[in-house]
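Structure assessment
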Amino acid sequence: MIIVTVNDRLGTKAQIPCLASDPVKVFKAMVASRVGRPAHEIMLKRQGERPFKDHLTLEDYGVSNGVQLDLELDTGD
Amino acid sequence: MDLSVEEANKIRVAMGMKPLPVPGGSAPTDTGPTFKEKKSSDSDEEPASTLETRSAAAYDNWRELQDEADAKAKREAKAAAIKKEREKAQRFAKLDGKGLADDAADEDDMAWLKGTKKRQKKIEKSERMRKELEEREWQAQAALQYTEADLAGVKVGHEVDDFGEGEDQILVLKDTAVDQEEEDELEAVALREKEKLQEKLDSKKRKRAYDPNDMDEAGQGSILAQYDEDIDGKKRKAFTLDGQGRTVEEVLLEASGKSKPKKVTLSLDILKDDTPVNDYMDISEIKVRKPKKKKSKSTRRKRADDDDDIFPMPGEDTAEHEAMDVDEPKATPKPKKDLTNESFVDDDDLQANLAAQRREALKKRKNMKMRPEDLARQLREEASATPDVMDTTEDADEPGLVIDETTEFVSNLQRSASEEREEERRRLRRKSSQPSNGIASMGGINSADPEGDVDTGQSYAEVEDARDRSESHARSVSVDVTGTGLDQEETVDRGLGSTLRLLKQRGVIETSENGDQNAFFRERQRFLADKQKAEAAAERLAKEQRERDRTSGKWSHMTPREREEHARRLNSQRDQLESRKLAEIFNKEYKPNVQLDYVDEFGRHMNQKEAFKHLSHQFHGKGSGNQKTQKHLDKIAAEKKRLAQSSLDTSQAGAMSNAQGQQSKKHKQAGVRLQ
């Protein structure tokens, strides 16, 4: 189990326990339950990188314990 | 952890994901498949070789880490507690032992009361001791202190007045040899410096042997006081302290009853006194009554009077007049008022007053003594003003009166009619005698005669001059006095002296009047002579020595080579000696006089500026241009011309150089000055 921090740099910051093998989609659902925003509106990315794709896992993106991810609004395009 | 693991697990389960493992609980065991036990994982496979094994080991690793951290925290807490305990124990350990209150507790109150007296005594005794000690110390200090009482009888090498009021001077013991018998003397370094400076300045001043201003107030001074210092040595100003804030001298003076010499009081309005005493009353004091206007007499009458004054009547009067003229040409007519004044009532008073004033003025003039140098200078000036008078052989019987053209002109104005008549008579006589005398008279025993004949147009002055000339010719020695009141310029034909004087007059030669140059020249000659003498003496000595050597037996024993050697050695010795002596002479007496004189191609002496220019041109191999050269040549020509022309001649254009000429040129006024 790892704990990942999600931060939108606007005042919302959440720490979410998960497994490194979780797909990004599941992680987004967990973030949505914490942040109060629908999962399809959530876009996650590491700072300065491209957004995470839903069908890959956190492991694939090299997310490990204590990593902080950026939370942005996904407009669908 | 914000989101508790249980909540997260709920969500996960709802989404069909496997739940997160809960650390404490056995949650993972109850549902779904679980990881294998550790034992099984490390049995055959290498740990963490695959992703699965690694992720399986993750939880255990995390737990281990957590445990470790917990253990560490616990350890630290325990260590801190122990430390705290120990410190506490230490703090309490210090506190035990006997306190102040414990100490005093062994006596009872009665005993303490009894002891108080003893204690009091003890305290008093110590106090007394302390006081005594202090007193003794104070006395010792007082004995050590140096007060003015200790200074009694010490001499101070300055005048009391030198110490100005309100300024501090530091006096130190004067430097003297240790074995000197003199008593100690104090001196202020600053004052001593000042005195020295003053002395130096005084010595630089030219001191007069007799200085009336330097007399002391009482008017007494020793005879030839200027040598006092040489004979008795320098007088030192000093006073002695008596230890009571006064000087011994002062006390003695007071005791002897003599007060200080009274200072002369000087009034400060010297300027007022300096003005010469006026012989006349101040105009403000005089009250003048306006005289009534009288009707003036006829002008004609007055004219007659004037004529009388100017042309005195012929006869004895004129003779008297002539005599007077000779004796004192500037005698002013005595005012007739004197006679009339005598009848005045207050005349005596006035006369007495005037006499007193005159006496005073005379005394004052006498007081202004003339220094000998001044007198000498005055004499010299007088001599140079009339140099030719001195030259004449008839110096002794030369009258004090000098008649030149100016006075002659004045006397001509007053010439009486009698003289004219006399002149005419003379002329007549000559005319009558001329035919009889014939050529002989023309021959010129009396050279004035022909001039006298034709002189109707000439002025009396010329006639007089001519006669004078003839007379002086007869005497063969003339008194060279010229018109215009100025001396005639010297001419070159009369010898070197007059030439020199001419050049001097024109400013061609500048001479320094002092005898410095002469003295300098003499000095130099003497130096040269000394040197020569010294050289000659050395030479003679050498010769003698050589002779002596030759005659002595030593010479004959030597081989020629040795002789040569010996001679050379002696020579070098002599040379050394001689050169040393010469150097000594040089050091003592040689004063070189170096003058750089530059002469240009025309033979003129160039001044510094010109010389620099000249050298510069030579150095650069290039002279000034055409125009400048022309200018320079013009300047030289003008200079030559100026030198050639007489300084007295004002008729030429060169006369424009004088001040008046320049003025008139500036104002564009045409005109010639008549003399």
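Residues numbered from 1 in each chain as written. Chains lettered and ligands numbered in written order. Predicted model: local features only at pLDDT ≥ 70, side-chain atom pairs only at ≥ 80, totals over all residues.

**Describing the sheet that holds strand β4 (residues 239–240) of chain B**
All names here are of chain B. The test is simple: Strands are treated as partners if at least two bridges between them are detected by DSSP. In DSSP terms, a helix is any run of H or I states spanning at least four residues, a strand is any run of E spanning at least two, and both are numbered starting from the N terminus. Note on contacts: residues are paired as contacts if their backbone-placed C-beta atoms lie within 7 Å. Helix axes are fitted only over the stretch in contact, all axes being lines through C-alpha atoms; the angle between N-to-C directions runs from 0 to 180 degrees.
An order of β2-β3-β1-β4 is seen for the four strands of this open sheet, with the pairing classed as mixed. The open sheet terminates on both sides in strands that have one partner only, identified here as β2 (171–173) and β4. Here β2 pairs with strand β3 (residues 185–188) via three bridges, running antiparallel. By the bridge assignment for β3, Leu-171 is matched with Ala-188. The sheet strands contacting helix α7 (residues 189–204) are β2 and β3, and the helix crosses β3 at an angle near 75°.

**Examining the packing of helix α23 (residues 516–551) of chain B against helix α25 (residues 560–589) of chain B**
Between two packed helices, both the angle of their axes relative to each other and the distance between the axes serve to describe the pair. Residues and elements named next belong to chain B. Quick reminder of the rule: Roughly parallel here means an angle under 35 degrees, roughly antiparallel means over 145, roughly perpendicular means 65 to 115, and every remaining angle is called oblique. Should the near helix be turned anticlockwise from the far one by less than a right angle, the crossing is left-handed, and should it be turned clockwise, the crossing is right-handed. Throughout, the ten residues Ala, Val, Leu, Ile, Met, Phe, Trp, Tyr, Cys and Pro are labelled nonpolar, Asp, Glu, Lys and Arg are labelled charged, and all others, Gly among them, are labelled polar.
In contact at an axis separation of 11 Å, α23 and α25 are set at 165° when each is read in the N-to-C sense. It follows that α23 is roughly antiparallel to α25 by the angle criterion. Classified by chirality, the crossing of α25 by α23 is right-handed. Contacts between α23 and α25 involve Phe-527, Asp-530, Lys-531, Ala-534, Ala-538, Ala-542 and Gln-545 from the former and Leu-570, Arg-574, Glu-578, Lys-581, Leu-582, Ile-585 and Glu-589 from the latter. Split into classes, the residues belonging to the contact of α23 with α25 amount to seven nonpolar, one polar and six charged.

**Here's the deal with the nonpolar core**
The condition that has to hold: The term nonpolar core refers to a group of buried residues, namely Ala, Val, Leu, Ile, Met, Phe, Trp, Tyr and Cys, whose C-beta atoms join them within 7 Å. With C-beta atoms placed from the backbone, a residue counts as buried when 20 or more other C-beta atoms lie within 10 Å of its own, as exposed when 12 or fewer do, and as partly exposed for counts between those limits.
Core analysis: the biggest nonpolar cluster contains 23 residues, and A:Val4, A:Cys18, A:Phe27, A:Met30 and A:Val31 have the highest contact counts within it. Contributions of two or more residues to this core are made by β1 (2–7), β2 (13–18), α1 (24–35), β3 (42–45) and β4 (68–73) of chain A together with α1 (5–15) of chain B. Ignoring anything within four residues of it in the chain, the contact list for A:Cys18 reads A:Ile2, A:Val4, A:Phe27, A:Met30 and A:Leu58.

**Re unusual backbone geometry**
All names here are of chain A. Its identity is not glycine, yet Arg-9 carries a phi of approximately 60°, on the positive side. Mapped onto the elements, Arg-9 comes out in the loop between β1 and β2. Here Arg-9 falls in the exposed class, since 10 other C-beta atoms lie within 10 Å of it.

**Quick notes on the interface of chain B and chain A**
Contact residues are listed per partner, giving 13 residues for chain B and 15 residues for chain A. Looking at the side of chain B that touches chain A, the elements that each hand over two or more residues are α1 and α4 (51–95) of chain B. Sorting elements by how many residues they give to the side of chain B that touches chain A places α1(B) first, with four residues. Its residues assigned to classes, the side of chain B that touches chain A shows eleven nonpolar, one polar and one charged.

**Here's the deal with the UniProt feature "coiled-coil region" (unreviewed entry) in chain B**
Here is the rule we go by: UniProt positions are given in the numbering used here, feature names are shortened, and annotations may be inferred rather than shown by experiment.
According to UniProt, the feature "coiled-coil region" (unreviewed entry) maps to residues 116–143 of chain B in the numbering used here. The span residues 116–143 of chain B is 100% helical and 0% strand by assignment, and the distance between its end C-alpha atoms comes to 41 Å.

**A short note on the environment of A:Thr57**
Residues and elements named next belong to chain A. Among the structural elements, Thr-57 can be located in the loop between β3 and β4. Residue classification places Thr-57 among the partly exposed residues on the basis of 17 C-beta atoms within 10 Å. Along the chain, Thr-57 and Pro-23 lie 34 residues apart, while their C-alpha atoms are 3.8 Å from each other. Those residues in contact with Thr-57 that sit more than four places away from it in its chain are Ser-21, Asp-22, Pro-23 and Val-24.

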